[in-house]
Amino acid sequence: MSSIEYSGLFVVLEGIDGSGKTTISKMLVDRLNGLGFKAEYTFEPTDSEIVEVVRGKYSEYRDAYVDALTFALDRLLHLKRKVIPLLRAGFIVVSDRYMYSSVAYQAASGAPIEWVLLVNKYALKPDVTIYLDVDPETGLRRKQFKTTRFPEFEVIDFARRVREVYLELVKRGLMISINAARPIEEVYRDVEAVVLNALSKVLTP
Ligand SMILES: Nc1ncnc2c1ncn2[C@@H]1O[C@H](COP(=O)(O)OP(=O)(O)O)[C@@H](O)[C@H]1O
Ligand SMILES: [Mg+2]
């Protein structure tokens, strides 16, 4: 599955909470459909029972490794059930989070980066991965995390570790970083430019 034939484009948006992934992904899908492309929004973790069972019945056994394997299984099923059929039908699939979320979050929770990458090695590589970069304070403020039951400093501290892993993945050339601390229209314009550039090489409306 890591390399298959398809005529669509697999686009992924990554970033910490509040970076704008959901907003920008949906804007992108609407705009691409408006331009005459076939585009569809999807997200991870999916609403499959896999993740719910682990979060429920097995919650006391959760750790970074259990979570990485759970999300990896959810991901492979999502690819087979939805993403790959759409790509084969010529769709631009815009995924709100994908395997680099696993790498960032499970590595921030204590699993080695290389191991999380290995666990996800069989999963289809995206054509374009965009990382929306914001500092944790900005992201959490947008999400109004003040209502969380966790002390705010802990949440910020975790988001900071997640961001560090994301920045390492950018350094490795796995994602294109876009400054998402700017007004949404500016962020969107840069995201769209990256996607249209990738599209110009493979698809026409
Ligand atoms: N660039 C931006 N500037 C200001 N607010 C933003 C920006 N991007 C997103 N937001 C707002 O921040 C909140 C979180 O955005 P969202 O897209 O849900 O982030 P994510 O999916 O990455 O957690 C939403 O209310 C959204 O309207
Ligand atoms: Mg979101």
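Positions within a chain are numbered from 1, following the residues in the order the chain's sequence is written. Key to labels: chains lettered from A, ligands numbered from 1, both in the order written. This being a predicted model, a pLDDT of at least 70 is required before a residue's local features are given, and a value of 80 or more before pairs of side-chain atoms are given or counted; all residues contribute to the totals for chains, interfaces and linings.

Novice: Teacher, can you tell me more about the overall build of the protein chain here?
Specialist: Note on conventions: DSSP H or I runs of at least 4 residues are helices, E runs of at least 2 residues are strands, and numbering of each starts at the N terminus. In terms of helices and strands, the protein chain carries eight helices and five strands. For the protein chain, the sequential pattern of α-helices and β-strands runs β-α-β-α-α-β-α-α-β-α-α-β-α. Taking 2.2 N^0.38 as the reference for a compact globule, 205 residues should give roughly 17 Å; the C-alpha atoms of the protein chain span a radius of gyration of 17 Å, in line with that estimate. Taken over the C-alpha atoms alone, the protein chain extends approximately 50 × 35 × 30 Å along its principal axes. Considering only contacts in the protein chain between residues 6 or more positions apart, those separated by 24 or more positions represent 81%. Only C-alpha atoms enter the radius of gyration; for comparison, a globular chain is expected to reach 2.2 Å times N to the power 0.38, where N is the number of residues. Residues are defined as contacting one another if the C-beta atoms placed from their backbone atoms lie within 7 Å.

Novice: I keep staring at the sheet that holds strand β5 (residues 176-179) and nothing clicks. Help me out?
Specialist: Strand pairing in a sheet is mediated by backbone hydrogen bonds. Such pairs are either parallel or antiparallel. Taken in spatial order, the five strands make up an open sheet running β2-β3-β1-β4-β5, and their pairing is parallel. Each edge of the sheet is formed by a strand with only one pairing partner; in this case those strands are β2 (39-43) and β5. Averaged over all pairs of adjacent strands, the angle between strand axes in this sheet comes to 25°, irrespective of strand direction. Pairing between strands is defined by DSSP: at least two bridges between the two strands are required. For β2 and strand β3 (residues 92-96), the ladder comprises five bridges, and the chain directions are parallel. Directly across from T42, in β3, lies its bridge partner S95. Simply put, an axis is a line fit to the C-alpha atoms, just over the touching stretch for a helix, and the angle between two N-to-C directions goes from 0 to 180 degrees. Along the sheet, helix α3 (residues 64-88) contacts β1 (9-14), β2 and β3; its crossing angle with β3, the most-contacted strand, is approximately 155°.

Novice: When you look at the environment of P126 in this model, what are you seeing that I'm missing?
Specialist: Of note, P126 is situated in the loop between α5 (113-119) and β4 (128-133). Here a residue counts as buried when 20 or more other C-beta atoms fall within 10 Å of its C-beta, as exposed when 12 or fewer do, and as partly exposed in between; the C-beta atoms come from the backbone. Judged by the 21 C-beta atoms lying within 10 Å of it, P126 is buried. As for P126 and L174, which are separated by 48 residues in sequence, their C-alpha atoms are 9.6 Å apart.

Novice: Got a minute to help me understand the site of ligand 1 in this structure?
Specialist: Nearness here has a simple definition: the residue's C-beta atom, placed using the backbone, must lie within 6 Å of the molecule or strand. Lining the immediate surroundings of ligand 1 are 14 residues, of which G20, K21, T22, T23 and R142 lie closest. Residue assignment for the shell around ligand 1 shows that the elements contributing at least two residues are α1 (21-34), α6 (136-143) and α8 (184-200). Here the element with the most residues in the shell around ligand 1 is α1; it accounts for three residues. Class assignment of the residues belonging to the shell around ligand 1 gives a composition of four nonpolar, six polar and four charged. Charged means Asp, Glu, Lys or Arg here, nonpolar means Ala, Val, Leu, Ile, Met, Phe, Trp, Tyr, Cys or Pro, and polar covers whatever is left, Gly included.

Novice: I would appreciate a short explanation of the packing of α1 against α8 in the present structure.
Specialist: Two numbers describe a pair of packed helices, the interaxial angle and the distance between the axes. Direction vectors running N to C along α1 and α8 enclose 55°, while the axes themselves pass 10 Å from each other. In terms of axis orientation, α1 runs oblique to α8. Classified by chirality, the crossing of α8 by α1 is right-handed. Each of T23, I24, M27, L28 and R31 in α1 lies in contact with α8, whose residues at this interface are I184, V187, Y188, V191, E192 and V195. Taken together, the residues that form the contact of α1 with α8 break down as eight nonpolar, one polar and two charged. Here the word oblique covers every angle except those under 35 degrees (roughly parallel), over 145 (roughly antiparallel) and from 65 to 115 (roughly perpendicular). Crossing handedness is defined as follows: a turn of the near helix away from the far one that is anticlockwise and smaller than a right angle gives a left-handed crossing, while the clockwise case is right-handed.

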